[in-house]
Structures are given as structure tokens and as C-alpha cells.
Amino acid sequence: MHLTTRTTAAVAMLLASLILAPGALPGGAAPAQAQSDCAFTGALESLILYHAPLTTPSQQKDTLPGGVPYRVTMQRAEHYYVAVDDAYGGWVDRRSGGVSGDCASVPVDTTPLTDFETLCFFTSPRAAQLYHESRRANPQGTIQPGQPYAVTLQTYDAYHLQLDHAFGGWVAAADGQTSGNCAAVPTEYPAQIATALDNARAWSIPDVRGGEVVTTFAPGTQLAVIAGPVTGPIRLDTDDTGNWFQARAINVAGGATGWVWENRLRFSPPPGPQGPTAVARANARAWSLPDVHTGAWIASLVEGSAVRVIGGPVVGPIRFDTDDTGNWYLIAQDATGITGWVWRERLSFD
């Protein structure tokens, strides 16, 4: 996805007379009160604009300058719709900034989520089982038959559904069908972590003859292993082959992804009982990446439940509205099968 940045100067020139044109909002409807006096200002250097009122990487539309007031034209649960100019706007997460002015009269958007063409939905013809984790070992109720649910994360055989702004769960892909823009839904990363060694070149495919170098990971870069091993050529001058792993850089700008020969990687110990134990504190959430901006929320952990630490610490963003970062740990919870990244302050170590 290509993101553009609107300059602060251009925004400032248009703030005086913003009128949201018909069609700028989802569903093609102009807001009832386009000229509200409510403004939203991002608290960070940049402000993420979303296609739909859903804070998930697949919906990121643009990056705007932070610290600039943008006129709020609609509101919906955890999000505001802001106008950037007379024909361009998008949704922002309320937690990423604050409002000023008269916001009491801002109309509430009631557009059905299914009208947002950028979202992916899962629908089951029956009351499909909902689970705490992607491997689907621990049930947590069922979903309604025939009702479309927004998909925020996926694996090769399961989907994570968002039931509301703070609750979701996993369903088996075989239990229903998807519709909409599902190609943009991010994939959950497994618990396997590797560290880049010298000359860790990432290729477009696992083949030095047919592929191209995408990037070279700096030595010491931590990588989330996405797929592999896959056997492919490793040299141009011989027929030698080797194992390749597809990996993505963790907490590195751009999150480069590519195929790396296994001899250029050092793998972390596999998940197992040798990992230190910890206890989940209140509001402990497991994320797909150690970053609340680019990662996707996987599941909430029950306060007081035990987890095993299998990776980390990794430094990454912990808030939407500040530049604060903190240590994250990759954890596995045997009781539920949940695996994900949890902020250090949400864990209590023995």
C-alpha cells in the first residue's frame, strides 16, 4: 500500500472553509452537518488515516501531519471522520489525539460496515464456534449465522473476527466464506523468531536465479518467520540448494519482508517449557507484532493467567497518542493456545 503525506501548509490553507463533498464519506452520503466547529488534532508527529472506522493495518489509507487540527464531520464509536480538504478525508482513532471546539453536535455515522468496500467479512451459514486462539483449541461461544463479521487477521485456515472495538475471536476458515477486500488482511506471525546474521539478503522468491534482492537485513535484526522452509537454489555458479525462510523485520520502518537462506539466520529456541513464566496483569493483550500501530490485536489474556515467555524483549510503540515505547515479550499460553506479543507492563514475572 502506497501512503501519501499532505503537507501542513496545504492543510492550514484549507482549514478555514472545509466542506466535505458528497461521495467523500463511505456509502457516498454527505454528513448532515458538514460545517461543524469540532476539530481533531493528532498527538504525534504523524496521524494515521483509515479507510473505515476500524483500527487495523489493512485499513491504513494515508499518513497526515500531526499537530494540525482537522475538521470532524462524523463520529462513530472509537473513531472520527475528518476532512482534509473539500474532497478528501478519512477515519482517525480517537485515542491518537484530542478534540477541540463544539463537538456535541457532530452527527453519528450509521453506515453499515458492509458498505465499506475496503473491509473483509466472514459469514457462516450456521452458529460457528468462536475460539480464543488461531489453532482453535479453546472455544469462547459462537457467532450468529448469516451475519457478516469484519476480518482483522488471518492464518492459512482461520480468521480473526472483530465483534466490537474490544472483543473478537477466531473461527475456522472452513466454517464459512469471506467477501470483500480480503487480500489486504494481514497474516498472523507464528512464534518462530530469528536473528539476521551477516549478509542476510532477503529475496523476492526462494531462488537466487529467478529472484531479486529486496533488501539486506542488518546483522542483529529480529525477524518474524512467516513461512518455510522451502528448498531452492542458493548459488549462481553451482547447483547447490538450501532451505529458505520467508521473514519480516520486527519493529523496523517499512517492515521489509523477503526470503532468506537459513545459513544467514540464527533461530531462537523453539517454544517449550524452558521459557520463563509470567502472569497476565489487567488489560494484557496479545498482538501480532510488538507495535500497537502496525500490529493487529489477537486476543485479551485473562488477568492472573499463566504464560510462557518464548521471545523478546523487543522495543516497540505502546500507545496511539504518544511516542512512548516499551519492551514487548512474545508469549505462549498453554491453557488457551494463544501466542502473541505482550507489553512488559502487562506481565508480572515470578
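Our subject is the structure listed above.
The structure reproduced in this document is the subject of the present report.

### Quick word on the pattern of salt bridges
Consideration 1: Counted according to the given criterion, the structure contains 5 salt bridges.
Consideration 2: Residues D109 and R76 are paired through a salt bridge, measuring 2.9 Å at the closest nitrogen-oxygen approach. Highlighted residues: D109 in the loop between β7 (97-100) and β8 (120-123) and R76 in strand β4 (residues 69-76), separated in sequence by 33 residues. Pair check on accessibility: D109 and R76 agree, each one buried.

### Considerations on the pairing of strand β1 (residues 39-42)
Consideration 1: As defined by bridge partners, β1 adjoins β7 across 4 bridges and the pair is classed as antiparallel. Looking across to β7, one finds that A39 is bridged to S100.
Consideration 2: Bridge count between β1 and β4: 3 bridges; the pairing is antiparallel. The residue bridging F40 from the neighbouring strand is Y70, located in β4.

### Considerations on unusual backbone geometry
Consideration 1: Positive phi, close to 50°, is recorded for A77, a residue that is not glycine.
Consideration 2: Note that A77 resides in the loop between β4 and β5 (79-85).
Consideration 3: Residue class for A77 comes out exposed when judged on its relative accessible area of 60%.

### A look at the side chain of S305
Consideration 1: Its place among the elements puts S305 in the loop between β24 (297-300) and β25 (306-317).
Consideration 2: A polar contact of 2.7 Å, which involves the side chain of S305, links it to the side chain of Q333.
Consideration 3: Contact partners of S305, with chain neighbours within four places excluded, come to A278, V279, A280 and Q333.

### So, the nonpolar core
Across soluble globular proteins, nonpolar side chains have a tendency to be buried as a group.
Consideration 1: Counting residues in hydrophobic clusters, the biggest one holds 19 residues, and the most contacted among them are W170, L301, V307, I331, V342 and L347.
Consideration 2: Among residues more than four places away in sequence, those in contact with L347 are A278, V279, A280, R281, V307, Y329, I331 and V342.
Consideration 3: If you look at the next biggest cluster of nonpolar residues, it comprises 15 residues, including C38, L64, Y70 and C103.

### Structural notes on the state of the cysteines
Consideration 1: Evaluation of the coordinates by the stated rule reveals 2 disulfides.
Consideration 2: Between the sulfur atoms of C38 and its disulfide partner C103 the distance amounts to 2.0 Å. On the sign convention where negative is left-handed, the bridge of C38 and C103, at about 85° about the S-S bond, is right-handed. Residue C38 is found in the loop between α1 (8-14) and β1, and its partner C103 is found in the loop between β7 and β8; the two are separated by 65 residues along the sequence. Across the pair, C103 and C38 agree in class, each one buried.
Consideration 3: A sulfur-sulfur distance of 2.0 Å marks the disulfide that ties C120 to C182. Between C120 and C182, the disulfide has an S-S torsion of 85° and is therefore right-handed. Remark: C182 occurs in the loop between β14 (177-180) and β15 (193-196) and C120 occurs in strand β8; sequence separation between them is 62 residues. As far as the burial class goes, C120 and C182 line up, both buried.

So, how was this worked out
- Residues numbered from 1 in each chain as written.
- Predicted model: local features only at pLDDT ≥ 70, side-chain atom pairs only at ≥ 80, totals over all residues.
- Heavy atoms only, no water.
- Salt bridge = Lys/Arg side-chain N within 4 Å of Asp/Glu carboxyl O.
- Helix = DSSP H or I, 4+ residues; strand = E, 2+ residues; numbered from the N terminus.
- Buried < 20%, exposed > 50% of the residue type's maximum accessible area, 1.4 Å probe, protein only.
- Pairing = 2+ DSSP bridges.
- Polar contact = N/O pair within 3.5 Å; in protein donor to acceptor, adjacent residues only side chain to side chain.
- Contact = heavy atoms within 4.5 Å.
- Core = buried A, V, L, I, M, F, W, Y, C linked by side-chain atoms within 4.5 Å.
- Disulfide = S-S within 2.5 Å.

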